[in-house]
Amino acid sequence: PPMIRLLALCLLVCAGPAGAVAVHGHRGSRGTRPENTLAAFAEALRVGVDVLELDLSVTKDDVLVVAHDPLVSPELCLGPKGEKLAAPVAIRTLTLMEVKAYDCGTLANPRFPRQRPSAGEMIPTLDDVFALVAASTAPAAARVEFNIETKIAPSHPELFPTPERFVELVAAAVRKRGLGPRVILQSFDHRTLRAMRPLMPEIRLSALTSDNALNYALLAKDLGAAIVSPDREWIMAADVTALHAAGVQVAPWTANDEAEWSRLLAMGVDAIITDYPEDLIAYLRRRKLK
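A quick note: this is a predicted structure, and the numbers were derived from the prediction, not measured. Per chain, residue numbering runs from 1 following the sequence as it is written. With the structure being a predicted model, the display of local features is reserved for residues of pLDDT at least 70 and the display and counting of side-chain atom pairs for 80 or more, all residues being used for whole-chain, interface and lining totals. The side-chain figures draw on all heavy atoms in the structure; neither hydrogens nor water molecules are used.

S.K.: An account of the overall build of the protein is requested, with residue identities and associated values reported.
M.R.: Numbering of helices and strands runs from the N terminus, with a helix taken as a DSSP run of H or I at least four residues long and a strand as a DSSP run of E at least two residues long. The helix and strand inventory of the protein stands at 10 helices and 11 strands. Radius of gyration (C-alpha) of the protein: 19 Å, near the 19 Å computed for a compact globule of 290 residues. If you line up the protein on its principal axes, its C-alpha atoms span 65 × 40 × 35 Å. Looking at the protein alone, contacts between residues at least 24 apart form 58% of all its contacts between residues at least 6 apart. Per element, the accessible surface of the protein, about 13000 Å² overall, is 60% carbon and sulfur. With 32 positive and 34 negative side-chain charges, the protein shows a separation of 4 Å between the mean positions of the two kinds. It is over C-alpha atoms that the radius of gyration is taken, and the globule rule equals 2.2 Å times the number of residues to the power 0.38. The criterion used for residue contact is that any of the two residues' heavy atoms lie within 4.5 Å. Accessible areas in this description were obtained via Shrake-Rupley with a 1.4 Å probe; residue shielding takes into account the shown protein chains only. Neither His nor the chain ends is counted toward charge; the positive residues are Lys and Arg and the negative residues Asp and Glu. Throughout, a charge is located at the NZ atom of Lys, the CZ atom of Arg, the CG atom of Asp or the CD atom of Glu.

Quick look at the structure:
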């Protein structure tokens, strides 16, 4: 009946934000530890994140590794002999053993002055991250979720597996650990979301977007996405209201200061992706929202 539907909608949308704002540690805790390393994920668990956000690339021998770019970056990593890299190296051209030879924890990222280097950190596999969480004694580890992004672009097929193969690898890794209900798959390349939906329906889908020239709710419906993850600079209160009315959660990226957090919270977002999860958690607690 219409009244019951209205009450259900109000429970979803009208409920206050108290205790409901999830903190996603972007690339672990990029503001304070080298991004997408086990050190960053361990730090995120220590501070009590709700969700570990991470990115996937795929090696030559089809192993999922945690890296934001499909290239080993000279800005973030040293070579196998500790040397500065003259140019980026495509992960898809390297075996896992070769990928593991790079040091991606020693170099300081100048964009994040509070980042503490962690010498010798290797590029981890997705299973390395799952294993870290399984072995962690941090209270957050027992409940933490995983927001996993497939890094893939149709313009460079040589750097990636096909969308179908990519999600097959993700599904296998998730099934191995029995983590389906704790996993979100996100991507700007929505082909991987479409491919995952029939393969493993228990994995929630999150549509990453970088502009506002679209109907967010329509996009979510088309993809079967439970979450839309918009650029923090584009999302507006009306968009959040429309998404909530459609039963879709909103998780903007990547907000790093109190002014941004305050603006997003005022819109009623469900989650915030941040490079500084410890700071955001403290802020939410001060506002009695955590």
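Resuming the write-up.
S.K.: Account for unusual backbone geometry, naming residues and giving values.
M.R.: The phi angle at Asn36 is positive, at roughly 60 degrees, despite the residue not being glycine. Summarising the element assignment, Asn36 is placed in the loop between strand 1 (22–26) and helix 2 (38–47). Note on exposure labels: buried denotes an accessible area under 20% of the residue type's maximum, exposed denotes more than 50%, and partly exposed covers the range between, all computed with a 1.4 Å probe on protein chains only. In this structure Asn36 comes out as buried when scored by relative accessible area, which is 3%. Despite not being glycine, Lys288 has its phi angle at roughly 60 degrees, a positive value. Residue placement: Lys288 occurs in the segment after helix 10 (277–286).

S.K.: Give me the confidence of the model for the protein: which residues, what numbers.
M.R.: The predictor reports its confidence for every residue as pLDDT, a score running from 0 up to 100. Summing up the model confidence of the protein, the mean pLDDT is 93 and the portion of residues at 70 or higher is 93%. Within the model, pLDDT remains below 50 along residues 1–19, and this stretch shows 13 contacts once partners closer than five positions in the same chain are excluded.

S.K.: Tell me what's going on with empty space enclosed by the protein, and back it up with residues and numbers.
M.R.: Note on definitions: the grid is 1 Å and covers protein atoms alone; a cavity is a set of points where a 1.4 Å probe fits but cannot get out; a pocket is an open set with protein on both sides within 12 Å along at least five of seven lines; lining residues have an atom within 4 Å of a point. Grid points are joined across faces, edges and corners, and a volume is the space filled by probe spheres set on the points. As enumerated under the stated definition, the model contains one cavity of 30 Å³ or more in all. If you go around the largest cavity, you meet 20 residues; those closest to its centre are Glu35, Ala67, Leu76, Cys77 and Cys104. For the lining of the largest cavity, the class distribution of residues is 12 nonpolar, six polar and two charged. Three classes are used: nonpolar for Ala, Val, Leu, Ile, Met, Phe, Trp, Tyr, Cys and Pro, charged for Asp, Glu, Lys and Arg, and polar for all others, with Gly counted as polar.

S.K.: Would you mind going over the pattern of salt bridges in detail, with residue names and values included?
M.R.: What counts as a salt bridge is simple: a side-chain nitrogen of Lys or Arg found within 4 Å of a carboxyl oxygen of Asp or Glu. Evaluation of the coordinates by the stated rule reveals 23 salt bridges. Across the pair Glu260 and Arg232 runs a salt bridge whose closest N-O atoms are separated by 2.6 Å. Remark: Arg232 occurs in the loop between strand 9 (227–229) and helix 8 (237–245) and Glu260 occurs in helix 9 (residues 258–267); sequence separation between them is 28 residues. For Arg232, a relative accessible area of 18% corresponds to the buried category. Shared partners join several salt bridges into a network, and the residues in it are Arg27, Arg30, Glu35, Asp55 and Asp275.

S.K.: Any details on the packing of helix 9 against helix 10? Residues and values, ideally.
M.R.: Angle between the axes and distance between the axes: these two values describe a pair of packed helices. Between helix 9 and helix 10, the least distance of the axes is 11 Å, while the angle of their chain directions is 55 degrees. It follows from the interaxial angle that helix 9 and helix 10 lie oblique. In the packing of helix 9 onto helix 10, the handedness of the crossing is right-handed. Here Glu258, Trp261, Ser262 and Leu265 of helix 9 come into contact with helix 10, specifically with Asp279, Leu280, Tyr283, Leu284 and Arg286. Axis definition: a line fitted to C-alpha atoms, limited for helices to the stretch in contact. Angles are taken between N-to-C directions and run from 0 to 180 degrees. Roughly parallel means an angle under 35 degrees; roughly antiparallel, over 145; roughly perpendicular, 65 to 115; everything else is oblique. When the near helix sits turned anticlockwise from the far one by under a right angle, the crossing is termed left-handed; a clockwise turn instead gives a right-handed crossing.

S.K.: Hey, could you go over the state of the cysteines for me, with residue numbers and the actual values?
M.R.: Whenever a pair of cysteine sulfur atoms sits within 2.5 Å, that pair is classed as a disulfide. For the coordinates displayed, the defined rule picks out one disulfide. Disulfide partner of Cys77: Cys104, at an S-S distance of 2.0 Å. Here Cys77 and Cys104 share a disulfide; its torsion about the S-S bond, 110 degrees, makes the bridge right-handed. Placement of Cys77 in the loop between strand 4 (71–72) and strand 5 (89–90) and of Cys104 in the loop between helix 3 (96–99) and helix 4 (126–135) is noted, with a sequence separation of 27 residues between them.

S.K.: Describe the environment of Val170, and please don't skip the residues or the numbers.
M.R.: Here Val170 lies in helix 5 (residues 163–177). Considering only alpha carbons, one finds Val170 and Ile148, 22 residues apart in sequence, at a separation of 9.0 Å. Leave out the neighbours within four places in its chain, and Val170 touches Leu56, Leu64, Leu185 and Met196.

S.K.: Hey, could you go over the nonpolar core for me, with residue numbers and the actual values?
M.R.: Here the nonpolar core consists of buried residues drawn from Ala, Val, Leu, Ile, Met, Phe, Trp, Tyr and Cys, with membership extended through side-chain atoms lying within 4.5 Å. In terms of nonpolar packing, the biggest core is built from 67 residues, with Leu52, Leu56, Leu64, Phe146, Ile148, Leu185 and Met196 touching the most fellow members. The leading source of residues in this core is helix 5, at seven residues. By size, the runner-up hydrophobic cluster in this structure holds 11 residues, among which are Ala67, Ile91, Val99 and Cys104.

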